[in-house]
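Now for the letters of each chain:
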Amino acid sequence: MKNIIVTGGAGFIGSHLVKALLLDGHRVVVVDDLSTGKSSNLPSHPNCHLFEVDIVDELALAHLFESERPSLVYHEAAIASVQKSIHDPVRTSAVNDQGAKHVFELAVHVGSEQIVFASSAAVYGEDPRLPKRETFEPTPLSPYGFQKWQNEKDAARLAKKSGVRFTALRYFNVYGPQQDPQSEYSGVISIFVDRILNDLPLTIFGDGGQTRDFVNVADVVQANRSVQRVGGGFNVFNVGTAQETSLLELVHHLYMIENQAPNVVFQPRREGDIHRSVADIGQLMSKTDYSSNVHILQGLQALVSAIKLKNNE
Ligand code: NAD
Ligand code: UD1
């Protein structure tokens, strides 16, 4: 049994990860300010402990790390929206940049063996080459993308200085149950499913030709578990499916699942929006037992069914 801290563990991806770590038999301490996460996302389990702490508050965080002394840290806490990083750059930088530095430095200070953290496909930005490979030099388009890249540079420096293992996971576009649809900053699949089930029109920003590698949260959890066995130093891996889907294709799939006629309005493309994105996942597959197991159509069908079931409870 490991003692593990998961920052952002009450959020969408973090809460799925926490549940898997509990099933693996670990003790899990969740650090979350509940800004977008919810305590109700967490199971009631004797090995799961939630501390409502803001990672920007270095003193409070230091106190927690010193009393818990985790051997493994998963850092998921962040303001996850590209658009929010443009609209509120000060707070986003404090959380995504400073907050991550606090987590990394404290983990090293208390003797953690490994820090695994959520980076993003947003670091690739405007580089037109596809699929995106970890060896490409990042060219982010948004403050969010720059902050994730900065996290990677901080991690590489600290890994070299301390010998502690740091693993950056560049998630592509993650979807699945518990992704909150309620904000304009939410992920596109959660917004679209919610609006279709409520008979509301969808808004596509741009012409719908932009593409994403939509990866199910179950695959992302598997990636996080599988990198526990990766060797020393600093490593960076893409986490995706290697399948490219345009927004128009996504909309087509969703209306087909619901057997409805499309109801879509178009608005101008958003600032900081990447045009095409799809992952090369060869590195992760060769260094771990990761494989992408959930096809987009199957994942969307399961998601729609799960949300309908929940709405009928
Ligand atoms: P989310 O908003 O559901 O989860 C983020 C969690 O962090 C929330 O529980 C929130 O309350 C917490 N948090 C935010 N600021 C905090 C602070 N100052 N102190 C403590 N806790 C704080 O988002 P998510 O989609 O689950 O994203 C998880 C991580 O994965 C983030 O780092 C995000 O940048 C990254 N990521 C997400 C995606 C995606 O498609 N969802 C893709 C790439 C990377
Ligand atoms: C998402 C994640 C980000 C992650 C990145 C990795 C969220 C909120 N953002 O950013 O954390 O690092 O993937 O690739 O989870 N769109 C519409 N209509 C809408 C909403 C969105 O057309 O109502 C479009 C957007 O303009 C964009 C695409 O859908 O072109 C995806 O948007 P979004 O889900 O916000 O994700 P990213 O910006 O790719």
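Residues numbered from 1 in each chain as written. Chains lettered and ligands numbered in written order. Predicted model: local features only at pLDDT ≥ 70, side-chain atom pairs only at ≥ 80, totals over all residues. Heavy atoms only, no water.

1. Section: the site of ligand 2
Taken together, 22 residues surround ligand 2, and among them Ala80, Ser120, Tyr144, Val188 and Thr203 come closest. Interatomic distance of 2.7 Å between a side-chain N/O atom of Tyr144 and an oxygen atom of ligand 2. Within the side chain of Gln210, one N or O atom sits 2.9 Å away from an oxygen atom of ligand 2. Expressed as a share of its isolated accessible area of 730 Å², the protein-covered part of ligand 2 is 90%. Only α6 (188–197) and β8 (202–205) provide two or more residues apiece to the shell around ligand 2. (Near = heavy atom within 4 Å. Polar contact = N/O pair within 3.5 Å; in protein donor to acceptor, adjacent residues only side chain to side chain. Areas by Shrake-Rupley, 256 points an atom, 1.4 Å probe, with all protein chains shown as cover. Helix = DSSP H or I, 4+ residues; strand = E, 2+ residues; numbered from the N terminus.)

2. Points about unusual backbone geometry
For residues other than glycine, phi is negative in most cases, and the peptide bonds are mostly trans. Residue Pro131 is reached from Leu130 by a cis peptide bond, and omega for that bond is -10°. Along the chain, the position of Pro131 falls in the loop between β5 (114–120) and α5 (143–162). Positioned with a positive phi, Arg69 is a non-glycine residue whose angle comes to about 45°. For Arg69, the position within the fold is in the loop between α2 (58–68) and β4 (72–75). The exposure class of Arg69 is partly exposed, given its relative accessible area of 48%. The phi torsion at Gln178 lies on the positive side, around 75°, for a residue other than glycine. Following the sequence through the fold, Gln178 ends up in the loop between β7 (173–175) and α6. (Buried < 20%, exposed > 50% of the residue type's maximum accessible area, 1.4 Å probe, protein only.)

3. What about the layout of surface pockets?
Considered as a void within the structure, the second largest pocket measures approximately 490 Å³ in volume. Lining the second largest pocket are 21 residues; nearest its centre among them are Gln178, Gln179, Pro181, Ile307 and Lys310. Taken together, the elements giving at least two residues each to the lining of the second largest pocket come down to α6 and α10 (296–311). Ranked by residue count, the leading element in the lining of the second largest pocket is α10, at five residues. A class-by-class count of the residues in the lining of the second largest pocket yields seven nonpolar, nine polar and five charged. (1 Å grid on protein atoms, 1.4 Å probe; cavity = no way out; pocket = protein on both sides within 12 Å on 5 of 7 lines; lining within 4 Å. Points joined across faces, edges and corners; volume = space filled by probe spheres on them. Nonpolar A, V, L, I, M, F, W, Y, C, P; charged D, E, K, R; others polar.)

4. Quick word on the pattern of salt bridges
Per the counting criterion, the structure on display carries 15 salt bridges. For Arg91, the salt bridge identified is with Asp33, shortest N-O distance 3.7 Å. Of the two residues, Arg91 sits in helix α4 (residues 89–109) while Asp33 sits in the loop between β2 (27–31) and β3 (48–51), which places them 58 residues apart along the sequence. With a relative accessible area of 28%, Asp33 lands in the partly exposed category. One salt bridge in this structure joins Asp280 and Arg133, with 2.8 Å as the shortest N-O distance. Taken together, the residues Asp280 in the loop between β13 (264–267) and α9 (282–287) and Arg133 in the loop between β5 and α5 connect sequence positions 147 residues apart. For Asp280, a relative accessible area of 19% translates into the label buried. (Salt bridge = Lys/Arg side-chain N within 4 Å of Asp/Glu carboxyl O.)

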